[in-house]
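Here is what each chain is made of, one letter per residue.
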Amino acid sequence: MTEAMTGRTHLLVSTGLTLSLLQLAGQGVSLPAAGVAVVSSLLPDIDEPNSLLLQKTMPKPLLLKLKLLFAAAGAGFILYSYLQSFYTPYSYAAGALLIMMCLVNQRLFRQLLMMLLGGVLLCLGASAGPWLGTAGALLMVCAVLPHRGLTHSVYGVLIWGGLLYYASLKLGVSLWMAGSVSYALHLLCDALTKQGIHPLPPWKWKLAIPLMSTGKFSGFLVESVCITVTFVLLWQTFVVPMGTATVGLWEQVKNVWAQF
Ligand SMILES: [Zn+2]
């Protein structure tokens, strides 16, 4: 039993506030930035036991079939790689990962995946610069830390922001601001619950402003207030300026009309 805001509230509040803040800061809002804001608003909860969308939206028998399909695909891929020398040995690892995804439980798989990704970053870090290696090392630490560990900490924001900053440099689109702000807002919202967050583990300091409990009226109230504030800010940021533009336009039309 965890005390947390619903994914829907996280999605609305984090994304809405992020887009408003970007606009107010003069950064403007692009489609990729909005997409990154949406993903980042939900990303911290990836280490919750049932966070994977698949498990929530799919009936069990279908999920089992899907797992078998993935396992078969993994085995087939390895065989194909062996016969065609297709990017070996990396393809073996990818195939093994696919099979593993079906055999081990979600949490263990996630840890393995994070360890692997961390290891790859660590290797790349040797040639691409020190911070990539740092992110890799942190990711590996993150993998073995207990549940709701690093994702809900300052390190999580830094790792995600760092990865996005690197991606931004490569893509030439500024994504890191949208991502890290949205991610950080998710953590702030979680700080409003009784469970709170531990911003700087292993330091035991807990950030909790216990305004709400999920499923209780206080939870409903706090979530409603957060969503309302988000909509008001969105309205003020995006709709009101558009309104003055239309009024301006209307005045111009009237002036033109008056000249006839
Ligand atoms: Zn959370």
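Given the structure is predicted, the values throughout are model-derived calculations rather than measurements. (Residues numbered from 1 in each chain as written. Predicted model: local features only at pLDDT ≥ 70, side-chain atom pairs only at ≥ 80, totals over all residues. Heavy atoms only, no water.)

So, the environment of Lys206
Now for step 1: Relative to the helices and strands, Lys206 resides in the loop between α9 (176–190) and α10 (217–258).
Now for step 2: Spatially, the C-alpha atom of Lys206 lies 6.6 Å from that of Gly196, the residues being 10 residues apart in sequence.
Now for step 3: Those residues within four positions of Lys206 in sequence are excluded, and the remaining contacts are Lys194, Gln195, Ile197 and His198.
Now for step 4: Engagement of the side chain of Lys206 in a polar contact is seen with the backbone oxygen of Lys194, the distance being 3.5 Å. (Helix = DSSP H or I, 4+ residues; strand = E, 2+ residues; numbered from the N terminus. Contact = heavy atoms within 4.5 Å. Polar contact = N/O pair within 3.5 Å; in protein donor to acceptor, adjacent residues only side chain to side chain.)

Side note on a nonpolar patch on the surface
Now for step 1: Together, Phe217, Phe220, Leu221, Val225 and Val229 line one region of the surface with nonpolar side chains, adding up to about 520 Å² of accessible area.
Now for step 2: Tracing the sequence through the fold places Leu221 in helix α10. (Patch = residues over 30% accessible without salt bridge, like charges linked within 9 Å, V, L, I, M, F, W, Y side chains within 5 Å. Areas by Shrake-Rupley, 256 points an atom, 1.4 Å probe, with all protein chains shown as cover. Salt bridge = Lys/Arg side-chain N within 4 Å of Asp/Glu carboxyl O.)

Digging into the UniProt feature "transmembrane region" (unreviewed entry) in the protein
Now for step 1: Per the UniProt record, the feature "transmembrane region" (unreviewed entry) sits at residues 64–83, 90–109, 115–142, 149–167 and 214–235.
Now for step 2: Segment residues 64–83 splits into 100% helix and 0% strand. End C-alpha atoms: 29 Å apart. (UniProt positions renumbered as here; feature names shortened; annotations may be inferred.)

Observations concerning the coordination of the zinc ion
Six octahedral donors around a metal ideally subtend angles of 90 or 180 degrees, whereas four tetrahedral donors ideally subtend 109.5 degrees.
Now for step 1: Those protein atoms acting as donors to the zinc ion are Asp45 (OD), His152 (NE2), His186 (NE2) and Asp190 (OD), and they sit at 1.9 to 2.2 Å.
Now for step 2: Coordination geometry of the zinc ion: the 4 donor atoms subtend angles of 86 to 169 degrees at the metal centre, consistent with an arrangement described as irregular.
Now for step 3: When the donors of the zinc ion are listed by position in the chain, the intervening gaps give D-x106-H-x33-H-x3-D. In this pair, Asp45 is assigned in the loop between α2 (31–42) and α3 (53–57) and His152 in the loop between α7 (130–144) and α8 (154–171), connecting sequence segments 107 residues apart. Exposure class is identical for Asp45 and His152. Each is buried. (Donors = N, O, S within 2.8 Å, 3.2 Å for Na, K, Ca; no water. Tetrahedral: all angles 85-135°; square planar, octahedral: opposite > 155°, others 65-115°. Buried < 20%, exposed > 50% of the residue type's maximum accessible area, 1.4 Å probe, protein only.)

A few points about the environment of Asp190
Now for step 1: With respect to the element layout, Asp190 can be found in helix α9.
Now for step 2: Taking relative accessible area as the criterion, Asp190 reaches 0% and is therefore assigned buried.
Now for step 3: Separated by 17 residues in sequence, Asp190 and Leu207 place their C-alpha atoms 9.2 Å apart.
Now for step 4: A distance of 2.8 Å separates a polar atom in the side chain of Asp190 from a polar atom in the side chain of His152.

Re the nonpolar core
Now for step 1: One finds Met5, Val13, Leu17, Leu185, Cys189, Leu192, Met212, Val222, Cys226 and Ile227 forming the largest nonpolar core, which totals 10 residues.
Now for step 2: Only α1 (7–24), α9 and α10 provide two or more residues apiece to this core.
Now for step 3: Residue contributions to this core peak at 3 residues, all from α10.
Now for step 4: Non-local contacts of Cys189, meaning those with residues more than four positions away in its chain, are made with Met5, His10 and Val13. (Core = buried A, V, L, I, M, F, W, Y, C linked by side-chain atoms within 4.5 Å.)

Looking at the packing of aromatic side chains
Now for step 1: Inspection of the entire model under this criterion finds 1 aromatic pair.
Now for step 2: Between Tyr165 and Trp176, the ring centres sit 5.7 Å apart and the planes meet at 80 degrees, which makes this aromatic pair edge-to-face. On the criterion of sequence distance, the pair formed by Tyr165 in helix α8 and Trp176 in helix α9 is long-range, its members being 11 residues apart.
Now for step 3: Judged by its relative accessible area of 41%, Tyr165 falls in the partly exposed class.
Now for step 4: For Trp176, a relative accessible area of 32% gives the class partly exposed. (Phe/Tyr/Trp six-rings, centres within 6.5 Å; stacked < 30°, edge-to-face > 60°.)

Quick look at α8
Now for step 1: Compared with the 26 Å implied by 1.5 Å per residue over 18 residues, the 25 Å span of α8 between its first and last C-alpha is a close match.
Now for step 2: Of all the positions in α8, only Gly156, Val157, Ile159, Trp160, Gly161, Gly162, Leu164 and Ser168 are classed as buried.
Now for step 3: At the N-terminal boundary of α8, the capping side chain belongs to Ser153, with an oxygen 3.2 Å from the backbone nitrogen of Tyr155.
Now for step 4: In the stretch just after α8, Gly172 is the one whose phi turns positive, near 75 degrees. (Expected span 1.5 Å × (residues − 1).)

A short note on α1
Now for step 1: With 18 residues, α1 should reach 26 Å at 1.5 Å per residue; the first-to-last C-alpha distance of 25 Å fits that figure.
Now for step 2: All buried positions along α1 are accounted for by Thr9, His10, Val13, Ser14, Thr15, Gly16, Leu17, Thr18, Leu19, Ser20 and Leu22.
Now for step 3: Where α1 ends, the next residue or the one after it, Gly26, has phi of about 80 degrees, a positive value.

Some thoughts on the packing of α1 against α9
Now for step 1: Running from amino to carboxyl end, α1 crosses α9 at an angle of 135 degrees, the nearest separation of the two axes being 9 Å. Here α1 lies oblique to α9, going by the angle between them. Crossing of α1 against α9: the hand is right-handed. In this structure, α1 uses His10, Val13, Ser14, Thr15, Leu17, Thr18, Leu21 and Leu22 to contact α9, whose residues at the interface are Met177, Ala178, Val181, Ser182, Leu185, His186, Cys189 and Asp190. (Axes fitted to C-alpha atoms, helices over the stretch in contact; angles between N-to-C directions. Parallel < 35°, antiparallel > 145°, perpendicular 65-115°, else oblique. Left-handed = near helix turned anticlockwise from the far one by under 90°.)

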